[in-house]
Amino acid sequence: MSNTILVGAQWGDEGKGKIIDVLTENADVVVRTQGGNNAGHTVFIGPQKYVLHLIPSGILRRSKSCVIGSGVVIDPVSLVAEIDGLLKLKVQVAENLFISETAHLVFPYHRELDEQRELLKGEHKIGTTKRGIGPAYGDKAARTGLRMIDLINPARFEAQLKLKIRENNEVLKAFGAKQISFKQVHAAYRVAGDRLKPFVTNTVVFLDKAMRRGADILFEGAQGTFLDIDHGTYPFVTSSNTTAGGACTGSGVPPNRMDRVVGVMKAYTTRVGEGPLLTESAEIADLLHAMGREFGATTGRARRCGWFDSVATRHATMVNGIDELAVTNLDGLDTLEPIKVCIGYRLGQARLDYVPNDVETLLKCQPIYAEFPGWRTPTDRVREWKKLPPKARAYLKAIAELTDAKLTIASVGPARDQTIFL
Ligand code: IMP
Ligand code: MG
């Protein structure tokens, strides 16, 4: 039995979906523990592209069990659409999917509030995915949320939803936003509830039984370290714990049952939405966008791009306890010369080797760069560490060392076989 937590070491979109898919080969159960359909995990199998939002990427491999844990917030209508999309592509979604009874629900008023709050913030907006994630977790923390267990209990659901819609329509009225129809939401959610009911279960008991049988479990993180509600660049974060601890709280599997933490990071940096990105660079953004890369899987937004930031990834090693590193998108740098890596932050006269918590202070920092020679050779067909250009190997070794973690996987493209194990 071995349990692995996989987390994003940057701002999300590190290519976790693909690495999870690769690691799932050796897992029996894959668990999502936080976030909602703000996530977008892209996996290519042959020419077929799959984009997953709520369902663990493990679903793409037959005979693996997939769990959506209590820490996830679920928009049931969108989850049903995701299941239908997979069924259409002949992916099995049946006795292999388990949804936590205690996962909270996302409603249309959460999405509307998400949008209204962003509008009110104007230029100070977070740049959310507008999926209602923040307001849904807000209700959870305020103890006024509805959960899967309520959705599948028609009488209770109707009574609770009535109150929630009444309350939220008052708030939306104050915003001057459109009202939500109880009738429409109730009808749509009841249909979704009936579809999802067979999957809903006590996932804590399920996972405990799986561990007693000796199953290997993979905990699939969504978003990334700097979007963590506690350890990210608040308020430019998402509303869940995207760091390793979230795998425990979001699943009910205790910390002493976890065996290793794998951190996934890109060979450069990207971020979607607002907030600090010290190493942001037009040069690298233009290059990657021209290659057709770095557009969001969920919202289609062009991602902001920058040089690798080792101060940030070292912070990620610290808060996640990263044992092993997977570096993705190495091939994105194939044409660059030279390649810059941020190795410290300059703040006035001081040099910082950590990420300051105050966003305003962080924004005043200037990155200190080291330069690496580019390899200027395509790497996407390389399958062995020894066959990578020596300069690419040197670059990977350097960024892993600066991050203070052990490099175990390098990825040179979206396909399963474009993976180099060290
Ligand atoms: P929210 O999670 O929709 O509230 O968005 C909060 C911030 O997290 C915004 O900057 C989003 O762009 C970012 N975000 C949320 N989910 C993802 C993701 O899966 N990948 C990358 N960024 C994300
Ligand atoms: Mg993504």
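K.L.:
Whenever I open this one, the overall build of the protein confuses me. Can you help?
P.N.:
Looking only at helices and strands, the protein has 13 helices and 20 strands in total. Here the C-alpha atoms of the protein give a radius of gyration of 21 Å, agreeing with the 22 Å that 2.2 N^0.38 yields for 422 residues. Taken over the C-alpha atoms alone, the protein extends approximately 65 × 50 × 40 Å along its principal axes. The buried share of the protein, reckoned over its 422 residues, is 57%.

K.L.:
Where do I start with the coordination of the magnesium ion (ligand 2) in this structure?
P.N.:
Metal coordination angles in their ideal form are 109.5 degrees for the four-donor tetrahedron and 90 or 180 degrees for the six-donor octahedron. Surrounding the magnesium ion (ligand 2) are the protein donor atoms D13 (OD) and G40 (O), which sit 2.1 to 2.4 Å from the metal. Here the residue D13 occupies a position in the loop between β1 (3-8) and α1 (16-24), and G40 occupies one in the loop between β2 (29-32) and β3 (41-45), the gap between them amounting to 27 residues.

K.L.:
Help me out: how do you make sense of the site of ligand 1 in this one?
P.N.:
Looking at ligand 1, there are 16 residues lining it, with D13, N38, T129, T238 and V272 nearest. Interatomic distance of 3.3 Å between a backbone N/O atom of G127 and an oxygen atom of ligand 1. Within the side chain of R301, an N or O atom sits 3.0 Å from an oxygen atom of ligand 1. Summarising the interface, the protein chains cover 96% of the accessible area of ligand 1, which totals 470 Å² for the free molecule.

K.L.:
Would you explain helix α10 (residues 282-290) in this entry?
P.N.:
One turn of the α-helix equals 3.6 residues, which is why residues spaced by three or four share an orientation. Burial in α10 covers these residues: I284, A285 and L288. Axial view of α10: buried residues confined to an arc of 100°, hence all on one face. Within α10, the exposed residues directed more than 90 degrees away from the buried face are A282, D286 and A290. Considering only its buried residues, α10 is in contact with β13 (304-306). Measuring from the backbone nitrogen of E283 back to the side-chain oxygen at the start of α10 gives 3.3 Å, which picks out S281 as the cap. Backbone geometry just after α10 places G292 at a positive phi near 80°.

K.L.:
Can you walk me through the packing of helix α2 (residues 76-88) against helix α7 (residues 182-196) in this structure?
P.N.:
Two elements in contact, α2 and α7, have axes separated by 9 Å at closest approach and are oriented at 50°. The angle between α2 and α7 places the two elements in the oblique class. You can see that α2 and α7 cross each other, and the crossing is left-handed. Each of P76, V77, L79, V80, I83, D84 and L87 in α2 lies in contact with α7, whose residues at this interface are A188, Y189, A192, R195 and L196. Grouping the constituent residues of the contact of α2 with α7 by class yields ten nonpolar, no polar and two charged.

K.L.:
So what exactly am I meant to see when it comes to the sheet that holds strand β19 (residues 406-411) here?
P.N.:
Strand pairing in a sheet is mediated by backbone hydrogen bonds. Such pairs are either parallel or antiparallel. With mixed pairing, ten strands are arranged side by side in an open sheet as β9-β7-β5-β2-β10-β1-β11-β15-β19-β20. On the outer flanks of this sheet lie β9 (200-201) and β20 (419-421), each paired with one strand and no other. In this structure, β1 lies alongside strand β11 (residues 260-266), joined through five bridges in parallel fashion. Counterpart to T4 in the pairing with β11 is R260.

K.L.:
Sorry, what's going on with the state of the cysteines here?
P.N.:
Here a disulfide denotes a covalent bond joining the sulfur atom of one cysteine to the sulfur atom of another. Under the criterion given, the structure shown has zero disulfides. In this structure C248 is a free cysteine whose sulfur lies 19 Å from that of C66, the closest cysteine sulfur available. The exposure class of C248 is buried, given its relative accessible area of 13%.

K.L.:
How should the pattern of salt bridges be read in this particular structure?
P.N.:
Oppositely charged side chains are able to pair whenever their charged atoms sit close together. Applying the stated criterion to the full structure yields 22 salt bridges. Across the pair K178 and E112 runs a salt bridge, and its minimum N-O distance is 3.5 Å. Here K178, found in the loop between α6 (154-175) and α7, pairs with E112, found in helix α3 (residues 108-121); they are 66 residues apart in sequence, far enough to count as distant. Put simply, R190 and D194 hold a salt bridge, and the shortest N to O gap is 2.6 Å. You can see R190 and its partner D194 sitting in helix α7, four residues apart, about one turn around the helix.

K.L.:
I tried to follow the pairing of strand β5 (residues 65-68) on my own but got confused; where do I start?
P.N.:
Working note: regular strand, side chains alternate between the two faces of the sheet. Covered by surrounding structure in β5 are S65 and V67 together with C66 and I68, the residues of both alternating faces. Pairing geometry for β2 and β5, over four bridges, is parallel. For V30, the partnering residue across the bridge sits in β5 and is C66. With three bridges joining them, β5 and strand β7 (residues 97-100) adopt parallel strand pairing. Opposite V67, over in β7, you have F98 as the bridge partner.

K.L.:
How should the packing of aromatic side chains be read in this particular structure?
P.N.:
Two measures describe an aromatic ring pair: the distance that separates the ring centres and the angle between the ring planes. In total, this model carries seven aromatic pairs according to the counting rule given. The interplanar angle of 25° and the centroid separation of 6.2 Å between the aromatic rings of F107 and F157 together place this pair among those described as stacked. Of this pair, F107 sits in the loop between β8 (104-105) and α3 while F157 sits in helix α6, and the two are 50 residues apart along the sequence. For the pair shown, F107 and F157 are each scored as buried. Put simply, the rings of F107, Y109, F157 and Y189 touch in pairs and so form one group of aromatic residues. The ring of Y369 is capped by K340, whose NZ or CZ atom sits 4.9 Å from the centre of that ring.

K.L.:
Quick question: what am I supposed to make of the nonpolar core here?
P.N.:
In globular proteins that are soluble, nonpolar side chains generally tend to be buried together. Counting 54 residues, the largest nonpolar core has V29, L330, L333, Y395 and L396 as the members making the most contacts within it. With six residues, the single largest contributor to this core is helix α13 (residues 390-403). With residues near it in sequence (within four places) discarded, Y395 still touches A267, F308, L330, L333, I339, V341, F372 and W375. Core analysis: the second largest hydrophobic core is formed by 40 residues, L52, I180, V185 and A192 among them.

The rules behind each value
Residues numbered from 1 in each chain as written. Chains lettered and ligands numbered in written order. Predicted model: local features only at pLDDT ≥ 70, side-chain atom pairs only at ≥ 80, totals over all residues. Heavy atoms only, no water. Helix = DSSP H or I, 4+ residues; strand = E, 2+ residues; numbered from the N terminus. Rg over C-alpha atoms; globule rule 2.2 N^0.38 Å. Buried < 20%, exposed > 50% of the residue type's maximum accessible area, 1.4 Å probe, protein only. Donors = N, O, S within 2.8 Å, 3.2 Å for Na, K, Ca; no water. Near = heavy atom within 4 Å. Polar contact = N/O pair within 3.5 Å; in protein donor to acceptor, adjacent residues only side chain to side chain. Areas by Shrake-Rupley, 256 points an atom, 1.4 Å probe, with all protein chains shown as cover. Arc of directions from axis to C-beta. Contact = heavy atoms within 4.5 Å. Axes fitted to C-alpha atoms, helices over the stretch in contact; angles between N-to-C directions. Parallel < 35°, antiparallel > 145°, perpendicular 65-115°, else oblique. Left-handed = near helix turned anticlockwise from the far one by under 90°. Nonpolar A, V, L, I, M, F, W, Y, C, P; charged D, E, K, R; others polar. Pairing = 2+ DSSP bridges. Disulfide = S-S within 2.5 Å. Salt bridge = Lys/Arg side-chain N within 4 Å of Asp/Glu carboxyl O. Phe/Tyr/Trp six-rings, centres within 6.5 Å; stacked < 30°, edge-to-face > 60°. Lys NZ or Arg CZ within 6 Å of the ring centre and 35° of its normal. Core = buried A, V, L, I, M, F, W, Y, C linked by side-chain atoms within 4.5 Å.

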